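Structure assessment
One-letter residues, chain by chain:
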Amino acid sequence: QVQLVESGGGLVQPGGSLRLSCSASGFTFNSYRMSWYRQAPGKERELVAAISSGGSSTNYADSVKGRFTISRDNAKNTVYLQMVSLKPEDTAVYYCNAKFYSFEHWGQGTQVTVSS
């Protein structure tokens, strides 16, 4: 069955770094656009970053541009989110998303907490 499993979240101090990973299985990974979303308490889920199926095109929310980098390894069926210069406002549950036309899958999420 389809699975998206996120890992790499945790507690980090402001200014610190984390790398999130999302391991995919059960579908043709290299056909899917992959994205990272996040949802903070009391807020709507928002798109953080996305990458095309082949990895040649990326886009980012304005709030993370220059600090976050999305990448993928189609040989490993994995998408990454490298986060640097983390801020308290980056605190949220981060979700991996896979989309191909009307087919869409979500991971269970991983908590990222930025606090001193």
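In the block above lies the structure referred to throughout.
Read on for a plain summary of the structure. Predicted model only: the values in this text are computed from it and were never measured.

1. A look at the state of the cysteines
- Applying the stated criterion across every chain yields a total of one disulfide.
- One disulfide in the model links C22 with C96; its S-S distance is 2.1 Å. Handedness here is read from the sign of the S-S torsion; for C22 and C96, about -85 degrees, the answer is left-handed. Residue C22 is found in strand β3 (residues 18-25), and its partner C96 is found in strand β9 (residues 92-100); the two are separated by 74 residues along the sequence. The same class applies to C22 as to C96, namely buried.

2. Comments concerning the nonpolar core
- Formed by 29 residues in total, the largest nonpolar core has its most connected members in M34, W36, V79, L81, M83 and Y94.
- Elements supplying a minimum of two residues to this core: β3, β4 (33-39), β5 (46-51), β7 (68-73), β8 (78-83), β9 and β11 (110-114).
- The contacts of V79, once residues within four sequence positions are left out, are L20, S21, C22, F29, M34, W36, I51, I70, S71, R72 and C96.

3. Description of the side chain of S35
- Within the secondary structure, S35 sits in strand β4.
- On the basis of relative accessibility, which here comes to 0%, the residue S35 falls in the buried class.
- Within the structure, the side chain of S35 is placed 3.4 Å from the side chain of R33, a separation counted as a polar contact.
- Setting aside its immediate chain neighbours within four residues, S35 contacts L47, A49, A50, I70, Y95, C96 and N97.

4. Thoughts on unusual backbone geometry
- The backbone of S85 shows a phi angle near 50 degrees, a positive value even though the residue is not glycine.
- Even without being glycine, Y101 reaches a positive phi, approximately 50 degrees.
- Looking at the secondary structure, you find Y101 in the loop between β9 and β10 (103-106).

5. Here we look at the environment of Q82
- Within the element layout of this structure, Q82 appears in strand β8.
- The class of Q82 is partly exposed, set by a relative accessible area of 32%.
- Sequence-wise, Q82 and T69 are 13 residues apart; in three dimensions their C-alpha atoms are separated by 5.0 Å.
- For Q82, the residues in contact, after removing those within four places along its chain, are S17, L18, R19, R67, F68 and T69.

Scoring rules and cut-offs
Residues numbered from 1 in each chain as written. Predicted model: local features only at pLDDT ≥ 70, side-chain atom pairs only at ≥ 80, totals over all residues. Heavy atoms only, no water. Disulfide = S-S within 2.5 Å. Helix = DSSP H or I, 4+ residues; strand = E, 2+ residues; numbered from the N terminus. Buried < 20%, exposed > 50% of the residue type's maximum accessible area, 1.4 Å probe, protein only. Core = buried A, V, L, I, M, F, W, Y, C linked by side-chain atoms within 4.5 Å. Contact = heavy atoms within 4.5 Å. Polar contact = N/O pair within 3.5 Å; in protein donor to acceptor, adjacent residues only side chain to side chain.

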